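Structure assessment
So you can see what is in the structure, the chains are spelled out below.
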Amino acid sequence: MNLSISSSSNIRIICGSLLIALIMLLSFHILISAGIVPEGIGETQQKRNIIKVENYLLPMKPLPENVALGSSFLENVLRVDVDNQLLNLSFGGLSGLEGCELLQRSNSVPKKVVIELSSALIRKPSDIVRDAMPEYKQFLLSTSPIFRMAYQPSSILLRLIRAAKESRSPNQTAIAIGRKSRELPITEEQRQRLNNNLEHLKQFVDQLQKRGTSIYFVEVPVDRQVWESQYETEIRQILHGRFPETNCRWIIPDRSRDWKTSDGIHLTVDEARTIKRQILRCLNLS
Amino acid sequence: MLFNSWEFLTFFLIVFTLYYLPSRTLRQFQPLLLVGASMVFYWAGVGTLTLLLLASIITNALIGFILVTGNADNSALRKQLIIGGVVFNLLVLCTFKYSSLILSSINTLAPAYAKLSPTLIQGVASIPLPLGISFFCFEGISLTIDTSKRLLERRLSWIDTLCKSSLFFSFFPHLISGPILRAGHFFPQIRTKCFREIDWYVAFKWLTLGYFLKSFVANNLADYTWFVKYPYFTTAGTITNVLLLCGYSAQIFADFAGYSFMAVGLAELLGYKIPNNFNAPYISRSLGEFWKRWHISLSSWLKDYLFIPLGGSRCSRTRACLNVFVVMILGGLWHGASWNYAIWGAMHGAGLIVEHIFRSTIPIPESVLLGVGKIVVVNAFVTAAWIGFIMSDVNHMKLLAKHLCTDFAIMPYAKTLPVLGYILPVAALHAWHWASERGLTIGNLLLKSDFFRMFVYATLIFLAAVNPGTPHEFIYFQF
């Protein structure tokens, strides 16, 4: 090390900074461990997804016996009010296969699993579970909650000021975009990917059923025009062909009704509550 | 391997330990160790495309070697070698980066009977883009030209030239996202390094700031700013979109400056001084000043190897303006093989020309208030110009511009408000620079207080550790 007189003050600054940072981290750790700092909810969709992965793989309390897996369609439905009876492992922006991976990785066997079957299954599965929780990180996060996404100061702050509450009233431009994005039929590549994803899902469902889990498939309603589009219709046919209503338990909403959405594909708060009640009723949880 | 990943930390610790082994004999091989480590680092990112980097190194080293030690008096040979070196690097760049753009543009303009076969277009489009190709090709050109100007020492053996060139090109702290090094600055630094020579404070300062900017600011902002892309921005109003554009402005600074600061810190730990790429660009009072503070290594490269050879500003005003415009368009295209980058460069070129004309015709008095006004104007321009950087489709650019000017009624989404919080550190960093550059008392007092500095660094470490955003690649990796 350069130990000249001029640099000794710099070395002191480095050591002092590291020491203060350590004190800050320790104080934060103590505040969290003592339960003084509340758990945050994640200020973005990506963070909310990671918090779900962390909460499920690092359980601080007993896990509910009923789990819901899906995309933002179902996440949006179950986010309305907190409910301890049904654990919402739906990931916004993803397909639902990530939730399956999460259950497999945790080795837990829930009593009932609700799986959303929707056009989101056309998406390429992401590596969120593996990336959010590699083995080394699992150890780090279980011993030091300060590194968990749920305890990020920004997330906690946002929970405290409740600024994260989103308005989900209909946005006509968004609805028009939602409709337009589904005008074209699905491509061959998308069809192939959907079939691959459904094959993975089928294997996962079979495994769970063998272990005594009851599976319920749920269809989350969307805007009428989106629902009737060629894109959605084709996908629906493939989904119902793979998991026929005659052989599987389905939770089907009232298809004759015009459901209100905020952007063509995500239900407004009131409509989401209706679907949530229906799901809980079907699971005998209401 | 991202600088802010565990894999990189492990990799760097191994390299650092081997690099400073307490054996004089082994320390003689430090440059070779760095070359090997850099190849491993590059291989981890691009695999077999490392061969392209190797080919580029060998070719440039060979040209440089002949230029320095060969028949120096044969001016015809020298000229051929220089042209050959420049053409080789441009050819590599065009093949791997621009061939698809060139072919698809020709195809768009060509009449129906002369259209190229779709198989050819698809084939060219599938050519992979090696990481950091724009950086090492520009460095290759600078090596050729610098050696031709006799800026390098003449008594190098072929092996020495190859070894030094390899390290110059592949030195992993700067390999993927710069800064663009100059051979004349880097070659003299290649020698055995001692552990006691490390300036720990410099390394600590840049690494802390770099990691904080990338992990806390850029990665958190990236989770919001995707919303400013098509078609999402059409669902939001002016205030939300302006907020998100400001967020993008802060994000791209934090992302790229963060990488550059980490590169400076890592290089310092290995005993090398590499130039800083950023000097608080958002306190610039003119666009000209902005380009002296933003991506400094690129703008100085463009000035030395393009603007000046084109005639620079020592010619007629029209010609000088044209030179600026051409340089800025090419500088824009350097960022990516898409016309939107050319538009972004053209916007800056046009801005620089207007500024030049304006300043030479209307003298503006200097005052603090006017200075702040200029900063605001420059920032507004730079932020608006990022639209050209984000959108790859001209119609989407127009749509966003129209949307920004017409949809004033809608209030910002509550969920986008945290963007303000993440912009704050970037604003604070610039305010600190602004105060210290003007010798303001508060700035000086704070800078002199050791405890204040310790507290600031500790806070940066704390926030980077407990509040990082979701991982995102560095924006400049794609260039």
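The structure presented is a predicted model; accordingly, all values stated were derived computationally and were not measured. (Residues numbered from 1 in each chain as written. Chains lettered and ligands numbered in written order. Predicted model: local features only at pLDDT ≥ 70, side-chain atom pairs only at ≥ 80, totals over all residues. Heavy atoms only, no water.)

Moving on, we get to the overall build of chain A. Counting its regular elements, chain A contains twelve helices and five strands. Evaluated residue by residue, chain A yields a buried proportion of 52% over its 286 residues. Pairs at least 24 apart in sequence give 78% of the contacts found in chain A among residues at least 6 apart. Of the side-chain charges in chain A, 37 are positive and 30 negative, and the distance between the mean point of each set is 5 Å. (Helix = DSSP H or I, 4+ residues; strand = E, 2+ residues; numbered from the N terminus. Buried < 20%, exposed > 50% of the residue type's maximum accessible area, 1.4 Å probe, protein only. Contact = heavy atoms within 4.5 Å. Lys, Arg positive; Asp, Glu negative; His and termini not counted. Charge placed at Lys NZ, Arg CZ, Asp CG, Glu CD.)

Attention now moves to the overall build of chain B. Looking only at helices and strands, chain B features 21 helices and zero strands. A compact globule built from 479 residues should have a C-alpha radius of gyration of about 23 Å, and chain B, at 23 Å, falls within 12% of that. C-alpha extents for chain B along the principal axes are approximately 70 × 70 × 50 Å. For chain B, with 479 residues in total, the buried portion stands at 53%. Within chain B, residue pairs in contact and separated by at least 24 positions form 78% of the contacts whose partners lie at least 6 positions apart. Counting every atom, chain B has about 21100 Å² of accessible surface; 70% of that belongs to carbon and sulfur. Charge-centre separation for chain B: the mean point of 34 positive side chains lies 6 Å from the mean point of 20 negative side chains. (Rg over C-alpha atoms; globule rule 2.2 N^0.38 Å. Areas by Shrake-Rupley, 256 points an atom, 1.4 Å probe, with all protein chains shown as cover.)

With that out of the way, let us pick up the interface of chain A and chain B. On the chain B side, the residues contacting the 37 residues of chain A number 35 residues. Summing both sides of the interface, chain A and chain B together bury roughly 3000 Å²; the carbon and sulfur share of this comes to 69%. Where chain A meets chain B, there are one salt bridge. Measuring nitrogen to oxygen at the nearest pair gives 2.5 Å for the salt bridge that ties B:Asp450 to A:Arg12. Taken together, chain A and chain B are joined by seven residue pairs in polar contact (both at pLDDT 80 or more). Of all elements in the fold, only α1 (5-33), α2 (45-57), α6 (135-143), α7 (153-161) and α8 (172-180) of chain A reach the threshold of two or more residues within the side of chain A that touches chain B. With 14 residues, the top contributor of residues to the side of chain A that touches chain B is α1(A). When the residues that make up the side of chain A that touches chain B are grouped by side-chain class, the tally is 21 nonpolar, eleven polar and five charged. (Buried area = accessible area lost by both parts, 1.4 Å probe. Salt bridge = Lys/Arg side-chain N within 4 Å of Asp/Glu carboxyl O. Polar contact = N/O pair within 3.5 Å; in protein donor to acceptor, adjacent residues only side chain to side chain. Nonpolar A, V, L, I, M, F, W, Y, C, P; charged D, E, K, R; others polar.)

Another aspect to go through is the side chain of B:Arg453. All names here are of chain B. Mapped onto the elements of the fold, Arg453 is located in helix α21 (residues 450-466). Its relative accessible area of 18% is what places Arg453 among the buried residues. A polar contact of 3.0 Å, which involves the side chain of Arg453, links it to the side chain of Tyr201.

What follows is about the nonpolar core. The biggest cluster of nonpolar side chains holds 145 residues, and the ones touching the most others in it are B:Phe172, B:Tyr272 and B:Trp294. It is helix α12 (residues 238-269) of chain B that contributes the most residues to this core, 18 residues altogether. Counting contributing residues per domain, this core is built from domain 1 (6-196) and domain 2 (200-478) of chain B, each supplying no fewer than three. Once you skip the residues sitting within four places of it in the chain, B:Trp294 turns out to touch B:Ile252, B:Phe253, B:Asn277, B:Phe278, B:Pro281, B:Tyr282, B:Ser299, B:Trp386 and B:Tyr476. Formed by 42 residues, the second largest nonpolar core is a distinct cluster that contains A:Val67, A:Leu94, A:Met133 and A:Leu201. (Core = buried A, V, L, I, M, F, W, Y, C linked by side-chain atoms within 4.5 Å. Domains from an automatic or database assignment.)

Residues and elements named next belong to chain B. Between helix α11 (residues 200-225) and helix α19 (residues 418-437), whose axes approach to 9 Å, the crossing angle comes to 150°. Between α11 and α19, the angle falls in the class roughly antiparallel. Crossing hand, α11 versus α19: left-handed. The residues of α19 that touch α11, namely those facing Leu209, Phe212, Phe216, Val217, Asn220, Leu221 and Tyr224, are Pro418, Val419, Tyr422, Pro425, Val426 and Leu429. For the contact of α11 with α19, the residue count by class is twelve nonpolar, one polar and no charged. (Axes fitted to C-alpha atoms, helices over the stretch in contact; angles between N-to-C directions. Parallel < 35°, antiparallel > 145°, perpendicular 65-115°, else oblique. Left-handed = near helix turned anticlockwise from the far one by under 90°.)

Residues and elements named next belong to chain A. Overall, parallel pairing links the five strands, which are arranged β2-β1-β3-β4-β5 in an open sheet. In this open sheet, the two edge strands, each paired with only one partner strand, are β2 (86-88) and β5 (249-251). Averaged over all pairs of adjacent strands, the angle between their axes in this sheet comes to 25°, without regard to strand direction. Alignment of strand β1 (residues 66-69) against strand β3 (residues 112-116), held across four bridges, turns out to be parallel. (Pairing = 2+ DSSP bridges.)

Bringing the pairing of strand β4 (residues 214-218) of chain A into the picture now. Residues and elements named next belong to chain A. The element β4 is largely enclosed, with a buried count of five among its five residues. Here β4 shows two buried faces, one formed by Ser214, Tyr216 and Val218 and the other by Ile215 and Phe217. Direction of pairing for β3 relative to β4: parallel, over a ladder of five bridges. Considered in β4, the bridge of Glu116 is made with Val218. Bridge analysis of β4 against β5 gives three bridges, and the strand direction is parallel.

Let us now look at the domain arrangement of chain B. Many authors give the size of an interface as the accessible area that is lost as the parts come together. Residue and element names in this part refer to chain B. Segmentation of chain B into domains returns domain 1 (6-196) and domain 2 (200-478). Just the C-alpha atoms count here: the centres of domain 1 and domain 2 sit 27 Å apart. Domain 1 puts 40 residues into the contact, and the matching count from domain 2 is 33 residues. Taken together, both faces of the contact between domain 1 and domain 2 bury some 3200 Å²; the carbon and sulfur share is 67%. Counting across the interface, domain 1 meets domain 2 through one salt bridge. The closest approach of N and O atoms between Asp304 and Arg182, which form a salt bridge, is 3.0 Å. Counting the contacts that link domain 1 with domain 2 gives 15 residue pairs in polar contact (both at pLDDT 80 or more).

The subject of this paragraph is the packing of helix α5 (residues 75-109) of chain B against helix α15 (residues 317-335) of chain B. Helix packing for two helices is described by the angle between their axes and how far apart those axes are. Residue and element names in this part refer to chain B. Between α5 and α15, the least distance of the axes is 11 Å, while the angle of their chain directions is 110°. Taken together, the axes of α5 and α15 are roughly perpendicular relative to one another. On α15, the residues touching Lys97, Tyr98 and Leu101 of α5 are Leu333, Trp334 and His335. When grouped by side-chain class, the residues that make up the contact of α5 with α15 number four nonpolar, one polar and one charged.

A word on α12(B). Residues and elements named next belong to chain B. Between the first and last C-alpha of α12 there are 46 Å, a value that for 32 residues agrees with the 46 Å anticipated at 1.5 Å per step. Most of α12 sits inside the fold, with 29 of its 32 residues counted as buried. Following α12 by one or two positions, Gly271 adopts a phi angle in the positive range, close to 90°. (Expected span 1.5 Å × (residues − 1).)

This part takes up the confidence of the model for chain A. Looking at chain A as a whole, its pLDDT mean stands at 84, while 93% of the residues score no less than 70. In this model, residues 1-6 of chain A is a region of pLDDT below 50 whose contacts with residues beyond four sequence positions or in other chains number seven contacts. (pLDDT = per-residue confidence, 0-100.)

Quick look at the environment of A:Asn196 now. Relative to the assigned elements, A:Asn196 resides in helix α9 (residues 188-210). Expressed as a C-alpha distance, the spacing of A:Asn196 and A:Ala34, which sit 162 residues apart in the sequence, is 46 Å.

Applying the stated rule across the entire model yields 27 salt bridges over all chains. Of the charged contacts, one joins A:Arg193 and A:Glu189 as a salt bridge, the two residues approaching to 3.8 Å between their closest N and O atoms. One end of the pair, A:Arg193, and the other, A:Glu189, are both in helix α9, four residues apart, so they sit about a helical turn from each other. For A:Arg193, a relative accessible area of 25% corresponds to the partly exposed category. Of the charged contacts, one joins B:Glu437 and B:Arg438 as a salt bridge, the two residues approaching to 4.0 Å between their closest N and O atoms.

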